Every structure is written in structure tokens, then in C-alpha cells.
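In case you want the letters, here they are:
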Amino acid sequence: MSHREPSACAALRPLCWVEIDRAALTANVRTLSTRARSLGRQPLLAAMVKGNAYGHGRLLAAQAFIEGGADWLCVADVFEAAELRDAGVTAPLYNVVATPSDHAAAAVSLDLRMVTVDLEPALCAAAAARAQGRVARLHLKLETGTHRQGLPLPQLLALAARLLDEEGAHIEGICSHYADVEDTTDHAFAEAQRHRFDAGCAALRGLLAQRGRDPDALLSHTSNSAALLLWPEHQATLLRFGIAAFGLWPSKETSLSAQHLGQRPIALHPALTWKTRVLQIKDVEEGGYVGYGRTFRALRPTRLGLLPMGYADGYDRRLSGRGQVLVRGRRAPVVGRVAMNLVAIDLTDTKGASVDDEVVLLGAQESQGQEHAEIRAEEMAAWLGTIHYEVTTRIAERLPRVPAGMAPRWR
Ligand SMILES: *Cc1c(COP(=O)(O)O)cnc(C)c1O
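Since the model is a prediction, treat every value here as computed from it, not as a measurement.

## Points about the overall build of the protein chain
Move 1: Across its full length, the protein chain carries twelve helices and 20 strands.
Move 2: The buried share of the protein chain, reckoned over its 411 residues, is 51%.
Move 3: Pairs at least 24 apart in sequence give 67% of the contacts found in the protein chain among residues at least 6 apart.
Move 4: Approximately 18,700 Å² of the protein chain is accessible, and the part contributed by carbon and sulfur atoms is 52%.

What follows is the structure, given as C-alpha cells:
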């Protein structure tokens, strides 16, 4: 079988790509770190790189977060962990989703911390740890009201008691996850969850002490970005966060809650700009249709720009006839259907637009003589009836992520 060198396209300028402001990612983690440590405590900081770092590019984000002071990185499965390890990342890794038994040995070999809610995967991990001369680092997840992963306290304590007898198994932490911080300004439910969590921590520490282990070595963690932003005073020895590190507030409700609490404003900086370029300019006569299903009809002589991207790149088809993009510092509407690899925009009112113009799909565009133009992930989420987390995370992984300021290259 002949093997073609991948270099034929390696240096080419892409059709669609993502630029990442590394300095913004680093600064966001520094800001969160300052906030978390403002009260004299030194919790460990665990930054999310799951979901290809919410679409920002796993490796790029990992490096920027470490530079900003993150201690740990969080992934959602062994495959993401393996990519980081293969790229030389040595930081502690934590899997936010429970690892199934058949992935336990791989998790141990990657030194990936595991959420633990069942005996069997933990025993598989412990056996692998003995075989590999390593230790399986387990974080027991407590049910506090989210009802996804998580064990009621009596079962968690029974599991812990069993695992304390298991050579190779190390109970490193206890964790939980809030159900409802971002979607409300009424935080009674979250507080009730936190009280249950605190009680669970105390009970597990009691068991550890009883069994001659150091209870103070146990890590406890239940925060996400919203909890960290709103309640830095809450006790925890490890803080998990994602969205805020990417420069986005978790929600409007979280910003409002911060205002209600009288907090000083916290500056977070979005880091992602999703770009493409004009492939072709095309004039359509009045009355002409555009695209599949003829969903757009030109009511005037119309100048179209054709963009060489589409839903194959993660540009949601529901943006058909609804989305907007930035060209020359101005908004231009998406017209007709978003196709797999082509999108049409209306450039009739964009003076001087030409082939190869840079187009911003998401993020800011500076242009001489124009006001600052920006399409924020929150705005695109509103067009789509979803949340900004999904908007950035669904940008196709095949698109190159390049540090802002560098010429984009396919690979
Ligand atoms: C993704 C995730 C987080 C981070 O949530 P953000 O709102 O992005 O800060 C925290 N904890 C767990 C368990 C997660 O899965």
C-alpha cells in the first residue's frame, strides 16, 4: 500500500479555522486563581479541557491554562487523556465522567484520576495499578441532588470502606456537582447541595481517620465556574472550572447574582475567533433564488458572498436565514440554507467586499473606520436556542486551532 505524505496540504492557508488568544486564556486562569486564593487558602485549580477544550483546541488550551497557574486538567474520557499524554502533557489529569471497567487499566496507565461510583471499575483500576506498579486515584462522587452520577452517602461510605481494603486503590478525593447554579438567581437549592456535600466530606474524613488514614489529605471539590465566581469563600481543596477560563460568564443569571452579592466586577476575556474567507462573489438578479429549498429569494439585485464552510465544520444548519457574519467590520446576513460545505451571505451593503476577504463567524473583527464589531457566543446561542457552551464546543475538531497573530495553516 502506498502511503502518501501528509505534507501536500500542510502549509496551506485553511478555508475555515479557529484563532485562539492564548494570552486571554492565561489571563482568565490567573484571574480565577486570584479570586480562589483571595481568602488565604490554596485550593488546587482544575481547568476543563474536555470537549476539545470547549472547542478551543485541547492542547493549546492545556498549555495556556498551565501557564496561567492551573494545577490539574479535566477531560471526559481516556481518549482525551491519551491525546494530552501523547503530546507530552505531564500535569495531573482528572476524568469528570465515571470510567467504565474496560477503560480502567488505560486510565491507570495514563495516571488519570477517576470519578468512582461503582465497585467493579474501581477493582479493575486497582488490579491494573498492582500489575503496573502504580496507584489508582479514585474520587468518590456523592449524590447531593443532581441525580446524574453520584452515590447516596451510606453507599458511598460502604464503597469507601471496601476500597480501603483494596491494595492499589487510593481514595484521593470526594466530589459532587451542582444541578442549578447557572439557571437561577435563587441559590437555595445549591446551598442545600453544598450542605449535603459538606456533611458527606465530614463523614468520609471520619471513616478515613478511623481506618488510620490522614483525613486531611482527602481532596474535596464541588465547584464549577459559577460557584467559584459567586462563592469563593466556600471551603474546598480543589476547584473545577471550565467556561470562565474560556472568558465567558456561565450565564446572565450568574452575572446578576454576582451583582446582587455586591461583588467587584471580574473581567473575563473570550479567546476564540472562528474565521473563514470569501471564496467567490456572485451577483443574483432580482427574483433569483439562493440555495437548497429556494428558501431565500432576492428582492433586489443582490451581491452574494460564498463561504467555503458549512455544517461539516460545525456551522449549525439552523443558522440558515438567521445567522450573521462579519465582513470588513460589518454584519452580513446568512441567506438561504446552510449546506454541508457552503454558506451564502448577503454582501450587497458591504462596500468593497471581495474574494478572499476574511470573514468572522464568531468573535470580534477590527476594521479601519468601523466600530468594534463582534458576534459573541451568547448571541449565536440565542439564534440557535441553546447555550454558549454548546456553540463553541461544536466547532468541528478537524478545523485547525491557531494562536492569534500567527498565519493560519492547515496543520
Ligand atoms: C464540565 C464540568 C465542570 C465545569 O463547568 P463550567 O460551568 O464550565 O465551569 C465542572 N464539573 C464537572 C463535573 C463538569 O463536568
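After that view of the structure, there is still more to cover.
## Notes on the site of the ligand
Move 1: If you check the shell around the ligand, you find 14 residues, and the closest are Lys-50, Tyr-54, Ser-225, Ile-243 and Tyr-389.
Move 2: His-177 is positioned such that a nitrogen or oxygen atom in its side chain is 3.5 Å from a nitrogen atom of the ligand.
Move 3: For the ligand, the protein covers 93% of the area, taking 390 Å² as the surface of the free molecule.
Move 4: Elements supplying a minimum of two residues to the shell around the ligand: α2 (50-54) and β9 (238-241).
Move 5: Here the residues of the shell around the ligand are counted per class, giving six nonpolar, four polar and four charged.

## With respect to the environment of Gly-57
Move 1: Relative to the helices and strands, Gly-57 resides in the loop between α2 and α3 (58-68).
Move 2: Gly-57 has contacts with Asn-52 and Arg-401, leaving out every residue within four places of it along the chain.

## Let's talk about the sheet that holds strand β7 (residues 169-175)
Backbone-to-backbone hydrogen bonds pair the strands of a sheet. The strands run either parallel or antiparallel.
Move 1: Overall, parallel pairing links the eight strands, which are arranged β8-β7-β6-β5-β4-β3-β2-β9 in an open sheet. Two strands bound the open sheet, and with one partner strand each, they are β8 (219-221) and β9. On average, adjacent strands in this sheet sit at an angle of 30 degrees to one another, irrespective of strand direction.
Move 2: In this structure, strand β6 (residues 136-141) lies alongside β7, joined through six bridges in parallel fashion. Residue pairing in the sheet places Leu-138 in a bridge with Ile-171 of β7.
Move 3: Of the strands in this sheet, β5 (112-116), β6 and β7 touch helix α7 (residues 153-163), which is tilted by about 165 degrees from β6.

## A closer look at the packing of aromatic side chains
Move 1: This model, assessed by the stated rule, comprises six aromatic pairs.
Move 2: For the ring pair Tyr-54 and Tyr-389, a centre distance of 5.9 Å and an interplane angle of 35 degrees mean the geometry is tilted. In this pair, Tyr-54 is assigned in helix α2 and Tyr-389 in helix α12 (residues 388-393), connecting sequence segments 335 residues apart.
Move 3: Under the relative-accessibility criterion, Tyr-54 is labelled buried at 8%.
Move 4: By way of ring pairs, the aromatic residues Tyr-54, Phe-65, Phe-246 and Tyr-389 are connected into one cluster.
Move 5: Geometry around Trp-72 places Arg-113 over its ring, the cationic atom sitting 4.7 Å from the centre.

## Comments concerning the nonpolar core
Soluble, globular proteins show a tendency: their nonpolar side chains are buried together.
Move 1: Ranked by internal contacts, the top residues of the largest apolar core, which has 122 residues, are Phe-65, Leu-204, Trp-274 and Tyr-315.
Move 2: With six residues, helix α8 (residues 188-210) is the largest single contributor of residues to this core.
Move 3: Residue-level mapping places this core at the junction of two domains, with at least three residues from each of domain 1 (22-260) and domain 2 (272-403).
Move 4: In this structure Phe-65 touches Leu-25, Val-29, Ala-47, Met-48, Val-49, Ala-70, Leu-73, Ala-245 and Phe-246, once residues within four positions along its chain are discounted.
Move 5: In terms of nonpolar packing, the next biggest core, distinct from the first, is built from seven residues, Val-284, Val-290, Ala-298 and Leu-304 among them.

## Section: a nonpolar patch on the surface
Move 1: There is a patch of nonpolar side chains on the surface, built from Leu-15, Leu-279 and Leu-342 and spanning about 250 Å² of accessible area.
Move 2: With respect to the element layout, Leu-342 can be found in the loop between β16 (330-335) and β17 (343-346).
Move 3: Leu-342 sits in the partly exposed class, given a relative accessible area of 41%.

## Overview of helix α11 (residues 377-384)
Move 1: Listed in full, the buried residues belonging to α11 are Ala-377, Met-380, Ala-381, Trp-383 and Leu-384. For α11, the arc enclosing every buried residue in end-on projection is 155 degrees, short of the 170-degree limit, so these residues lie on one face.
Move 2: For α11, the elements touching its buried residues are β15 (324-327), β16, β18 (358-365), β19 (373-375) and α12.
Move 3: Backbone geometry just downstream of α11 places Gly-385 in the positive-phi region, at approximately 70 degrees.

## With respect to unusual backbone geometry
Move 1: At Asp-111, a residue that is not glycine, the phi angle is positive and equals roughly 50 degrees.
Move 2: For Asp-111, the location among the structural elements is in the loop between α5 (104-109) and β5.
Move 3: Here Asp-111 falls in the partly exposed class, since its relative accessible area comes to 22%.
Move 4: We note that Asp-356 has phi near 80 degrees; this positive angle belongs to a residue other than glycine.
Move 5: Positionally, Asp-356 belongs in the loop between β17 and β18.

## As for the pairing of β7
Remember that side chains alternate between the two faces of the sheet whenever the strand is regular.
Move 1: Where burial is concerned, most of β7 is hidden: six out of the seven residues are buried.
Move 2: Note on the crossover from β6 through α7 to β7: the handedness is right-handed.
Move 3: Regarding topology, α8 serves as the crossover connection from β7 to the parallel β8, and that connection is right-handed.

## So, the pattern of salt bridges
Move 1: For the structure on display, the rule yields 26 salt bridges.
Move 2: Note that Glu-374 and Arg-376 form a salt bridge whose closest N and O atoms lie 4.0 Å from each other.
Move 3: Here Glu-374 falls in the partly exposed class, since its relative accessible area comes to 28%.
Move 4: A relative accessible area of 32% means that Arg-376 is categorised as partly exposed.
Move 5: Connected through salt bridges with shared partners, the residues Asp-111, Arg-113, Arg-137 and Glu-172 form a single ionic network.

What counts as what
- Residues numbered from 1 in each chain as written.
- Predicted model: local features only at pLDDT ≥ 70, side-chain atom pairs only at ≥ 80, totals over all residues.
- Heavy atoms only, no water.
- Helix = DSSP H or I, 4+ residues; strand = E, 2+ residues; numbered from the N terminus.
- Buried < 20%, exposed > 50% of the residue type's maximum accessible area, 1.4 Å probe, protein only.
- Contact = heavy atoms within 4.5 Å.
- Areas by Shrake-Rupley, 256 points an atom, 1.4 Å probe, with all protein chains shown as cover.
- Near = heavy atom within 4 Å.
- Polar contact = N/O pair within 3.5 Å; in protein donor to acceptor, adjacent residues only side chain to side chain.
- Nonpolar A, V, L, I, M, F, W, Y, C, P; charged D, E, K, R; others polar.
- Pairing = 2+ DSSP bridges.
- Axes fitted to C-alpha atoms, helices over the stretch in contact; angles between N-to-C directions.
- Phe/Tyr/Trp six-rings, centres within 6.5 Å; stacked < 30°, edge-to-face > 60°.
- Lys NZ or Arg CZ within 6 Å of the ring centre and 35° of its normal.
- Core = buried A, V, L, I, M, F, W, Y, C linked by side-chain atoms within 4.5 Å.
- Domains from an automatic or database assignment.
- Patch = residues over 30% accessible without salt bridge, like charges linked within 9 Å, V, L, I, M, F, W, Y side chains within 5 Å.
- Salt bridge = Lys/Arg side-chain N within 4 Å of Asp/Glu carboxyl O.
- Arc of directions from axis to C-beta.
- Right-handed = clockwise from strand over helix to strand, strands pointing away.

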